[in-house]
Amino acid sequence: MRQLRTGVFTPSSIDMTRASQQVKFRRALTLIAFTLVMPGSAQVLMGDRRVGRIALRVWLSFLAIGVVLGLVALISRTAIFWLAANGPLLLVGRWILIAAAIGWVALILDAWRLGAPLQLARKQRLWMTGLNSALCLGVASVMFFAAHLVSVQSGVLDTVFVSNTMSGPKAGRYNVLLLGGDSGKGRDGLRPDSLTVASIDAETGRSVLIGLPRNLQDVPFPEGSVMAKHFPKGFTWGEGELNAVNTWAENNKDLFPKSETRSAGVQATISAVEAITDLDINYYAMVNLKGFSSLVDAVGGVTLNVKEKTAIGGIGSPVRGYIPEGKHKLNGEQTLWYARSRVANDDFSRMGRQKCIMSAMLHQLSPQKVLFNAQAIADAGSNLVMTDIPAQQLGSFMDLALKARAQKISTVSLVPPVVYTGNPDYEQVRRLIRNAFDASEGKPVGGILDATLSIPQPVAEAKKDTKSSNQSDDVEKTC
């Protein structure tokens, strides 16, 4: 301020300049804020109104779509999952996200230009430039990351879920055969040493895991099937064990129908499992156990309650160490050996550990883990998983998976002393499975006192825990 001859104080030119710069600085900040919240608004106020109106219309269209999707999600979660598994829509969505990212960044840069940064003080200009750069980087990163996730999802659909054959629930349940294939030196083919049927209630998502020992013998086959024609009295090739059915079929693949999604070995194994369990198998999924560790590492490991010291190595190689007892977060290699080790224990212990791993991964895989490890999971999955689950049915399966996460998983293991694997009573096996279903659904368990059920531990456990809501036999007891 300076005093004039009249004695009246008036602003100096410097003060007026500073005040003007403050006004311009606030205006510049407002323009960028408007563009961040409502792209195109800055252009409508001070720039090219035609461009601004187009941007606003696009933005409002996105908001409208978001509101509609939100309402659809409230009404039908399955519909949202179907959209997320629709390949053509994902491809279109990816390019829309990329175009939106470029357009939004361009609008932010234009808003910075409209804020006349060269007319600001040096410090204000630096602040505006830094803020604008940060916003451009942030918006572009979020949008391009979203486009990347969409691309990853589309890639998985194109490489893994390639089947177009849909199968509805059988007697109200989806039955999926989960196979853990194990190959290596000295082994004849890729043998599915881990066989589990995941039977899922199509309405509630309540699940029963049926563990099938790899060394079940005299395996039956459905009448009229390829395998039944060659083994009418049960499987007798080699040692006559269930896991060798795959190998025999692969050695005689010309006998089986050609299929893009089910190899001869898978077809034969499914027919055996259907005859054993009296269940219609909707789909299968096979994971090569030798590469399973990369999938576990992709999700950051899995926490398990280890009930017995478990060897690492020892199957055709020296023991390299042990997984100690107690609750531990295991990495990929440790989880792999926890699933496949038979040193100092047996196949039946291994079956229990495998079900522990499946249950733990189901309950521990949060959406955040999947989101931020999407690329690693996709890389592992596309290299390790073979399945005939079609992409069109992923929506209903993802919905069921969320329902299953909120509940305990029932299990029934076809192991001694209930089932003698060398000479199994398959009628007893089917009765055990029916009882497990009844127990899982809270129904009276028929035949629980049947004299043929020796010590029906899996069924008894399932019945005991169904006394409380949403409870079944505790998988962690096996761990």
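This write-up is about the structure you can find in this document. Residue positions are counted from 1 within each chain, in the order its sequence is given. In keeping with the model being predicted, local features are shown solely for residues with a pLDDT of at least 70 and side-chain atom pairs are shown and tallied solely at 80 or more, while totals for entire chains, interfaces and linings include all residues. As a convention, hydrogens and water are excluded, and side-chain values are obtained from all of the structure's heavy atoms.

Counting from the N terminus, the helices are DSSP H or I runs at least four residues long and the strands are E runs at least two residues long. The topology assignment puts M38 in the loop between α1 (13-37) and α2 (41-46). Here the alpha-carbon distance between M38 and W59, two residues 21 residues apart in the chain, equals 7.0 Å. By definition in these notes, contact holds between two residues if any of their heavy atoms fall within 4.5 Å. Residues contacting M38, with those up to four places away along its chain left out, are L56 and W59.

Our next topic: the nonpolar core. Buried Ala, Val, Leu, Ile, Met, Phe, Trp, Tyr and Cys residues that are joined via side-chain atoms within 4.5 Å together make up what is termed a nonpolar core. When accessible area is computed with a 1.4 Å probe and restricted to protein chains, residues below 20% of their type maximum are described as buried, those above 50% as exposed, and intermediate ones as partly exposed. Counting 41 residues, the largest nonpolar core has I210, L212, M227, F235 and L242 as the members making the most contacts within it. When residues of this core are traced back to their parent elements, those giving at least two are β3 (173-182), β4 (191-201), β5 (207-212), α7 (226-230), α8 (245-251), α9 (264-277), β6 (283-288) and α16 (426-440). Judged by nonpolar contacts, the second largest core, of 39 residues, contains A28, W59, M143 and V160.

Now for the side chain of R430. You can see R430 is positioned in helix α16. Within the structure, R430 has its side chain in polar contact with the backbone oxygen of A275 (distance 2.7 Å). Discounting chain neighbours no more than four positions away, the residues touching R430 are P220, A275, I276, T277 and D278. Here a polar contact means two N or O atoms within 3.5 Å. Within protein one must be a hydrogen donor candidate and the other an acceptor candidate, and residues neighboring in sequence count only if both atoms are side-chain atoms.

What follows covers the packing of α9 against α16. To get an axis, fit a line to the C-alpha atoms, keeping to the stretch in contact for a helix; angles then go from 0 to 180 degrees between the N-to-C directions. Relative orientation of the contacting elements α9 and α16 amounts to 80°, with a least axis distance of 7 Å. Between α9 and α16, the crossing angle belongs to the class labelled roughly perpendicular. On the side of α9, the interface is formed by A275, I276 and T277, while α16 contributes Y426, V429, R430 and I433. Throughout, the ten residues Ala, Val, Leu, Ile, Met, Phe, Trp, Tyr, Cys and Pro are labelled nonpolar, Asp, Glu, Lys and Arg are labelled charged, and all others, Gly among them, are labelled polar. Counted by class, the contact of α9 with α16 contains five nonpolar, one polar and one charged residues. In these notes the angle categories are as follows: under 35 degrees is roughly parallel, over 145 is roughly antiparallel, 65 to 115 is roughly perpendicular, and the rest is oblique.

Any residue with relative accessible area above 30% and no salt bridge may belong to a patch, with like charges joined within 9 Å and the nonpolar Val, Leu, Ile, Met, Phe, Trp and Tyr side chains within 5 Å. Each accessible area value is a Shrake-Rupley result obtained with a 1.4 Å probe; residue values ignore everything except the protein chains displayed when judging cover. Within this document, salt bridges are pairs made up of a side-chain nitrogen of Lys or Arg and a carboxyl oxygen of Asp or Glu, the two lying within 4 Å of each other. A cluster of nonpolar side chains, contributed by I54, V58, F62, V92 and I96, occupies part of the molecular surface with about 400 Å² of accessible area. For the nonpolar patch, the secondary structure elements donating two or more residues are α3 (49-75) and α5 (87-114). If one sorts the elements of the nonpolar patch by residue count, α3 sits on top with three residues. Mapped onto the fold, I54 is located in helix α3. A relative accessible area of 43% places I54 in the partly exposed class.

Another aspect to go through is the packing of aromatic side chains. What counts as a ring pair is set by centres within 6.5 Å for rings of Phe, Tyr and Trp (its six-membered ring), and what kind of pair is set by the plane angle: stacked under 30 degrees, edge-to-face over 60, tilted for all other angles. All chains considered together, the criterion is met by eight aromatic pairs. Here Y174 and F397 contribute two aromatic rings whose centre-to-centre distance is 5.0 Å and whose plane-to-plane angle is 75°, an arrangement assigned as edge-to-face. Of this pair, Y174 sits in strand β3 while F397 is found in helix α15 (residues 394-405), placing the two residues 223 residues apart along the sequence. The class for Y174 is buried, based on a relative accessible area of 8%. Accessibility expressed as a relative area gives 14% for F397, which makes it buried. Arranged with centres 6.5 Å apart and planes meeting at 40°, the rings of F221 and F231 form a pair that is tilted. With F221 in the loop between β5 and α7 and F231 in the loop between α7 and α8, this pair connects stretches of sequence that are ten residues apart.

From the geometry alone we can't say anything about function, so treat these as descriptive.
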